[in-house]
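Reading the structure
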Amino acid sequence: MMDPEVSLLLDCAAWRGLWQSQVQVEISERFNRRTDVALERHIEEMWTERVAREPWLFNGAKFRLHSFRLTSSSNLSSSSASHQHSSCTPSSHIPVLDCSEEKFCATDVLHDAAQNSSDQRNQQTASRLEQASSTCDCRASTDKNTDNQEAVAILTIRLGLTCYKDYLGTNWSCRVAELRQRGEEEFSDPVALLAQPLGVGAVLCTEDGQVVLIRRSQKVAEAGGQLDIPGGHPEPKAVCEEQVSLVALQQRPEAVVAEFFSSVCAEIRDEVNVPLSFLGEPVLMGVALNHTSAGRPSAEFYVSCSLTSDEVRKLYWKGGAEAHESTDIVFLSRKEMLQLNRSSALWSELCPSAKGAVLLYQTVKPDGEQNPN
């Protein structure tokens, strides 16, 4: 199913999602966006103009997704050896498959070239995944392992720092096509000059098998009036005890991962008004790209809820901390989620982040649901 607004950068279908213990981060100044004097001037001009119209805007720090590395290996379950990690390859927007004699596969997947259409992006991704599977079987389902072996997946996310001002001045700039072309020509990376803040979103499933969607307010900055999943951004300030800096973040990588996972539950609490005590541990399904904002990435999670849909509805209408961001709550059954596609009447009401989450849910099936006949 191809949709020009969204594509999948990463799916964790081989493991039906990844837990927090399977994710780590690498933080470096090398993973910040590239800059030059003219671009910085353009960003400042855009920000000044935007704040004049919307004085309530706040320029908060955000994590910038540069790239990631996914390693998979088969380890003896009785072995006490630590998981084997491959070394990081130089940054590139071209995936690299590296299969060693130990039969682990490391896949670097960065951002696709600016000139490619969404259909080409999805076809290339499918081809790369097929190649990875046929080469070293690193994406094969864990049930193919022998009884005394266990497939271990470790995702390393490479992060830099960016901010909301830079996001508006690059990803939402009227010059974004030019910026992508320059990135490709000068750095062999079409998003090298873009902010690329990493968002998070949740497919929230209730105890009675209903998935939660919320209708965005017309007053929000993006996708007003459309259906969305609960979501937002992990916050660097939640990790740094004082001023946000790369040095402070580098000293607390485990805390960055914890913020990455806990932030999606905090968004559910604030937007849907469901207390954290009723939420299960988030499962990372993958990363989707929103092409209406120049390929901005969002990590999409599956989160179970021990409340029924009726109980969630009542809590929602009581209002949470961010109740002003949405105007209604909608529920879809798991079967309806699996059947959604571009021909569905509801599809056109979904904002890009929700579309990406739906595609990942259908691909990963973190709750074990099968496609309906």
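Rules and cut-offs
Residues numbered from 1 in each chain as written. Predicted model: local features only at pLDDT ≥ 70, side-chain atom pairs only at ≥ 80, totals over all residues. Heavy atoms only, no water. Core = buried A, V, L, I, M, F, W, Y, C linked by side-chain atoms within 4.5 Å. Buried < 20%, exposed > 50% of the residue type's maximum accessible area, 1.4 Å probe, protein only. Helix = DSSP H or I, 4+ residues; strand = E, 2+ residues; numbered from the N terminus. Contact = heavy atoms within 4.5 Å. Arc of directions from axis to C-beta. Phe/Tyr/Trp six-rings, centres within 6.5 Å; stacked < 30°, edge-to-face > 60°.

1. Overview of the nonpolar core
Among the nonpolar cores identified, the biggest contains 52 residues, and Leu 18, Leu 155, Leu 159, Phe 260, Leu 284, Phe 301 and Val 312 are the most heavily contacted of them. A total of eight residues in this core trace back to one element, the largest contributor, which is helix H6 (residues 253–272). In this structure Phe 260 touches Ile 157, Leu 198, Val 200, Pro 234, Leu 284, Ala 299 and Phe 301, once residues within four positions along its chain are discounted. Formed by 27 residues, the second largest nonpolar core is a distinct cluster that contains Val 6, Val 211, Leu 338 and Leu 340.

2. Examining helix H7 (residues 309–318)
All of the buried residues along H7 are Ser 309, Val 312, Leu 315 and Tyr 316. For H7, the angular spread of buried residues about the axis comes to 125 degrees, placing them on one side. Away from the buried face of H7 by more than 90 degrees, exposed residues Lys 314, Trp 317 and Lys 318 are located. Buried residues in H7 make contact with strand E8 (210–216), H6 and strand E13 (326–333). With its phi angle positive at about 90 degrees, Gly 319 sits one or two positions after the end of H7.

3. Remarks on the packing of aromatic side chains
Taken as a whole and judged by the stated rule, the model has seven aromatic pairs. Residues Phe 260 and Phe 301 carry aromatic rings whose centres are separated by 5.4 Å and whose planes lie at 65 degrees to one another, so their mutual orientation is edge-to-face. Of this pair, Phe 260 sits in helix H6 while Phe 301 is found in strand E12 (residues 296–304), placing the two residues 41 residues apart along the sequence. A relative accessible area of 6% means that Phe 260 is categorised as buried. Where Phe 261 meets Phe 301, the ring centres are 5.1 Å apart and the plane angle is 75 degrees; that geometry is what we call edge-to-face. Pair noted here: Phe 261 is in helix H6 and Phe 301 is in strand E12, with a separation of 40 residues, a long-range link. Each member of the pair, Phe 261 together with Phe 301, is buried.

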